[in-house]
Amino acid sequence: MGDPIVSSVINLVMKQSTSLATQDFAVLWGLKSDLRSLRTIFTQIQSVLPDAEIKQRNNIDLQNWLRKLRSASFQVENVLEEVSTEALLRRLHVERGIKNNVSTFFAASNPLKFRVRIVQRVREIKELLDQIAAERISFGLEERVFSCEVDSEIETRSVKATATARCCSEILGRDCVKEMFVEQICNDKLDDEFVVVNVYVVYGLGGVGKTTLAQMICNDSRVDKYFDLKIWLHVSNRFCTVRLLREILNSLDSGSCDLAQVEVDALRELVRERLGRRRFFMVLDGVENGGMSEWGGFMEVLKCGWRGSTVVVTTRSIEVADVMATCPAFVHSLSRLSESDCWLLFNRYAFDVQKDVDGSHGMEFETIGKAIVKKCEGLPLAVKVIGSLMCHKSSVSEWLSVLQSEVWDLTSEGSNILPSLKLSYDNLPAHMRQCFALCSIFPKGYEMDKQLLVELWVAYGFVPSRGDADLYDLGEEIFNSLVWRSFLQDVKECIFDGLTTCKMHDEMHALARSVMKYECSSIMSGEILKFPEEVLHLSSNDILYFSNEVMAKAKSLRSLITLGGFSKIATPDHIFEQRYLRVLHLGSSSDMITDLPESVGNLKFLRYLNVSRSKIVALPNSIVQLQNLQTLKLSFCENLCELPEGIRYLRNLRHLNIHGCSSLDHMPLGMGQLRHLRRLSTFLVGQGQGVQISELQELNLLGGEFSIKGLQNVNNSSQAESANLKQKQNINCLTLSWDWKNKNNENELQENNSEEVLEALQPHKNLKALTISDYQGSRLPNWIAGLVNLVSITFQSCKRCENLHSLGKLPLLKVLELKGMDSLKHLDDDLYPCLEKLVINDCPNLIKLPYFPKLKSLCIVQGNEKLFRSVRKLTSISFLEIRGFKEMKCLPDDAISNLTALEELRIWGCPNLRWLPDGIQKLEALKSLVIGDCELVKASCEKEVGVDWCNIAHIAYIKIDDEVMQCLGT
């Protein structure tokens with residue numbers, strides 16, 4: 001087993017040192033014998049690593065030895081990486097016809113100096129490793145046969161589906177506690193008239209299920225009905241009022257607020273405005289002792305809420321509970337699960353259809369299993385994790401080995417890590433241990449982006465290859481497996497934007513931090529960087545903490561990741577002097593970057609670069625030197641005008657994101673040479689001699705979201721067909737866009753070839769979402785009827801399209817958006833079996849809708865008032881929004897009165913609307929009415945005195961413009 005970090009680095013070094021490219025350079029530079037010696041030393045060390053990992057728990061000297069070995073291994077990896085990168089740069093020189101003495105940046109500009117330096121460095125490290133290898137003898141470590149093969153097989157089960165199914169059934173033994181809480185917080189009669197906000201506290205041991213209980217309460221339907229707002233905040237190490245106020249506002253506005261420069265007093269006022277006269281339910285998860293002096297000031301802000309507002313706090317500290325709870329009766333100590341509930345939970349994870357539970361060994365499995373469960377001491381997290389481990393153990397001897405493991409004694413030795421978690425971690429395949437441990441670069445409670453995690457794992461070579469399988473797909477399998485084993489949790493997935501996030505339990509985060517305590521660090525407000533000389537992966541919630549002073553101390557960095565960026569300061573120059581960086585993720589901090597320095601080309605190990613939302617106009621030409629670069633993210637760089645001409649030489653590039661780069665109107669030639677591309681957010685078809693759509697022909701690995709713009713520059717169907725979209729089976733979301741703003745001649749528009757071009761752009765049937773924008777044809781392509789997996793389709797400014805034949809027969813279509821469809825008069829009376837959301841925006845001639853049996857949400861913006869005659873039959877809708885009918889004086893009474901399932905009604909921007917239909921009083925399900933920019937209706941709905949008040953008084957929540965007129969409990 002061995003130290004997972006050292007073992008994996010040694011494996012990588014062994015592979016690198018024996019590769020053909022490295023061997024070739026060894027012959028040229030006289031390194032062959034030195035590299036052979038390195039492999040010999042590492043082979044000797046590998047054999048004692050498993051024993052060293054076990055014995056180091058109680059041996060400080062052995063821990064220090066492993067620490068030195070880690071450091072030396074990373075140094076070897078850096079040197080070999082430098083050699084392999086030099087090979088890539090030399091190839092680039094040949095391709096570009098550049099002589100060695102031309103480039104200022106290329107190491108190959110002076111091959112003799114490079115050779116001397118590398119030989120010297122290898123020999124220095126060899127001497128260091130000789131010393132480390134000799135020291136191993138003094139520890140009396142047992143040698144074992146060590147396999148260099150990476151266990152790359154990942155569970156073949158559908159871990160994603162299994163994990164999802166378990167999420168619904170893993171909560172046991174907490175129903176009575178949940179009922180007690182829900183009945184108490186949703187009861188007006190129990191509210192104290194002198195207390196606006198009640199604070200309940202759940203405290204208990206780590207892993208006992210405090211957060212799970214809070215989630216159960218939060219997700220209860222009675223809580224949904226009783227409260228207007230629900231807010232979830234992870235507090236973690238230090239209670240910081242400013243951070244929490246920002247998070248409240250971001251949660252209410254879906255992160256759309258720019259709060260970077262907002263002072264604390266202004267933040268307080270903004271929160272009061274958003275929560276004022278609203279009954280809210282808030283969870284403060286994972287509160288610890290730090291910063292409790294700020295609690296009183298924070299509560300003063302929350303008192304703006306409606307009476308009955310509730311805060312639920314989870315904590316391990318009874319001291320915190322006593323400080324925060326409204327009264328002692330509101331403090332609940334969460335007990336351990338009963339042994340019977342633990343056994344039921346263990347069963348759900350440990351036993352599957354393949355295990356011989358009921359066979360000849362069934363009783364033995366049960367006896368051992370119950371003994372293992374007893375060691376979990378009533379902690380649900382421990383039971384889930386160890387149960388997932390046992391599911392992969394098929395023999396009685398393997399189960400006994402887990403039961404008798406020395407790791408169970410960790411707690412008696414003073415360790416804060418739950419033994420079951422450590423056991424399960426030790427039994428992960430080596431590459432999965434690395435992937436999990438790297439997650440400690442993020443702070444406790446952080447919502448991690450799955451795509452970023454996978455990209456980081458691939459960038460570091462943690463994902464082992466498996467035949468021709470895509471590394472990013474294999475990375476997703478690892479992600480799903482870690483979720484299945486409960487190492488990652490709280491997975492949230494949005495099908496339309498493709499974003500999937502997850503979190504780590506605090507106990508899991510502590511485990512990951514214990515593995516990477518020297519290599520990973522996350523600097524939050526008020527913290528300092530520990531072990532700067534050894535840290536490899538560094539993150540922060542503010543670029544302020546990546547100062548030049550910090551960068552000067554941390555000379556071995558491989559990752560720099562910003563998670564926030566509230567300080568508006570220029571990006572420290574020293575960041576671009578971190579020569580060993582593999583990952584540079586500036587995230588939201590990059591909005592202060594006006595240009596990337598040429599020195600970015602010195603970061604030759606770089607595999608991942610994210611400067612999204614920066615103000616750069618162009619990338620430096622030196623970026624072509626980043627021959628290891630796999631991911632380049634430039635999304636919403638609104639000033640970016642061009643990509644470098646040499647981008648086609650970035651042959652390892654797999655992801656290029658230029659979404660939202662509104663000033664970028666062309667692409668360089670040669671994009672089709674990037675054969676490894678798997679994600680390309682946008683392709684811009686050029687005019688005349690510009691980049692042609694045929695460059696897409698061989699890029700059949702493209703997947704995810706993909707947009708083609710500038711289709712007016714495609715001359716005919718042959719050119720369109722050369723894009724070969726039909727073979728690109730991994731694309732989930734496709735946007736096809738024309739741009740006619742430069743076409744002033746009406747005749748030219750009339751003679752356009754949109755129909756034949758669109759017909760030739762047939763996508764693969766796997767497509768899930770399609771957007772067609774500014775299409776000037778009158779009919780849809782024939783292939784739309786064959787998109788049987790389509791979930792969402794949007795038509796935007798397709799002004800001549802007269803009908804939408806075949807859409808209603810698409811079996812999985814859930815979302816239909818029609819925007820700027822000037823010629824569309826009606827939708828065919830097709831079945832639309834699954835349609836749940838319909839948006840109609842500026843379709844002036846659309847006057848009739850068919851019946852949609854499962855429609856839940858309808859939004860009508862501007863358009864023809866006659867359309868409301870069709871609304872009356874849409875009796876299944878629960879949400880209706882009406883906007884921008886500036887001339888409309890009244891809504892047809894029968895259009896509203898039939899909507900018996902309607903729960904939420906919004907009316908905006910109808911200044912001539914005089915009153916609401918009388919039928920609204922019949923809508924018993926209606927619980928929310930929001931009206932804005934409708935002056936006449938505002939007067940008629942004035943509380944108690946308006947002519948319409950009697951018709952709407954039964955509605956629980958009424959808001960007109962910015963004023964909450966009514967907020968009733970249930």
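Predicted model only: the values in this text are computed from it and were never measured.

(A) Fine view of the overall build of the protein chain. The helix and strand inventory of the protein chain stands at 31 helices and 29 strands. Relative to its 970 residues, the protein chain shows a buried fraction of 54%. Sequence-distant contacts in the protein chain: of pairs separated by 6 or more residues, those separated by 24 or more amount to 59%. Accessible area of the protein chain: about 41300 Å², with a carbon and sulfur share of 48%.

(B) Main features of helix α15 (residues 339–350). Taking 1.5 Å as the rise per residue, α15 with 12 residues should run 16 Å; its terminal C-alpha atoms sit 16 Å apart, in good agreement. Where α15 is concerned, the buried positions are Asp 341, Cys 342, Trp 343, Leu 345, Phe 346, Tyr 349 and Ala 350.

(C) Quick peek at the packing of aromatic side chains. One pass over the structure, following the stated rule, counts 22 aromatic pairs. Arranged with centres 6.1 Å apart and planes meeting at 70°, the rings of Phe 181 and Tyr 200 form a pair that is edge-to-face. Here Phe 181, found in helix α8 (residues 175–185), pairs with Tyr 200, found in strand β1 (residues 197–203); they are 19 residues apart in sequence, far enough to count as distant. As far as the burial class goes, Phe 181 and Tyr 200 line up, both buried. Three or more aromatic residues joined by ring pairs make a cluster, and in this case those are Trp 343, Phe 346, Phe 351, Phe 365 and Trp 399. The positively charged end of Lys 370 is found above the aromatic ring belonging to Trp 343, 5.4 Å away from the centroid.

(D) A look at the sheet that holds strand β7 (residues 489–493). Spatially, the 3 strands line up as an open sheet ordered β6-β8-β7, and their pairing is antiparallel. The outermost strands of the open sheet, each flanked by one partner alone, are β6 (448–449) and β7. Pairing analysis gives 3 bridges linking β7 to strand β8 (residues 500–503), with the strands arranged antiparallel. Within the sheet, the bridge partner assigned to Gln 489 lies in β8 and is Lys 503.

(E) How the structure looks around the environment of Lys 370. Of note, Lys 370 is situated in helix α16 (residues 362–375). In this structure the C-alpha to C-alpha distance between Lys 370 and Phe 346, which are 24 residues apart in sequence, comes to 8.8 Å.

(F) Layout of helix α6 (residues 111–135). Counted at 1.5 Å a residue, the expected span for α6 with its 25 residues is 36 Å, and the 36 Å between its end C-alpha atoms agrees. Listing the buried residues of α6 in full gives Phe 114, Ile 118, Val 119, Val 122, Ile 125, Leu 129, Ile 132 and Ala 133.

(G) Spatial organisation of the pattern of salt bridges. This structure, assessed with the given rule, holds 38 salt bridges. A salt bridge links Lys 68 to Glu 135; its shortest N-O distance comes to 3.0 Å. Of this pair, Lys 68 sits in helix α5 (residues 60–96) while Glu 135 sits in helix α6; the two residues are 67 residues apart in sequence, bridging distant segments of the chain. Owing to a relative accessible area of 23%, Glu 135 belongs among the partly exposed residues under this scheme. Residues joined by salt bridges that share partners form a network here, namely Glu 82, Arg 117, Arg 579 and Lys 604.

(H) A look at unusual backbone geometry. Even without being glycine, Asp 774 reaches a positive phi, approximately 60°. Structurally, Asp 774 is set in the loop between β20 (769–773) and β21 (792–796). Phi at Asp 842 is positive, roughly 55°, even though this residue is not glycine. Structurally, Asp 842 can be placed in the loop between β23 (837–841) and β24 (857–861).

Rules behind the numbers
- Residues numbered from 1 in each chain as written.
- Predicted model: local features only at pLDDT ≥ 70, side-chain atom pairs only at ≥ 80, totals over all residues.
- Heavy atoms only, no water.
- Helix = DSSP H or I, 4+ residues; strand = E, 2+ residues; numbered from the N terminus.
- Buried < 20%, exposed > 50% of the residue type's maximum accessible area, 1.4 Å probe, protein only.
- Contact = heavy atoms within 4.5 Å.
- Areas by Shrake-Rupley, 256 points an atom, 1.4 Å probe, with all protein chains shown as cover.
- Expected span 1.5 Å × (residues − 1).
- Phe/Tyr/Trp six-rings, centres within 6.5 Å; stacked < 30°, edge-to-face > 60°.
- Lys NZ or Arg CZ within 6 Å of the ring centre and 35° of its normal.
- Pairing = 2+ DSSP bridges.
- Salt bridge = Lys/Arg side-chain N within 4 Å of Asp/Glu carboxyl O.

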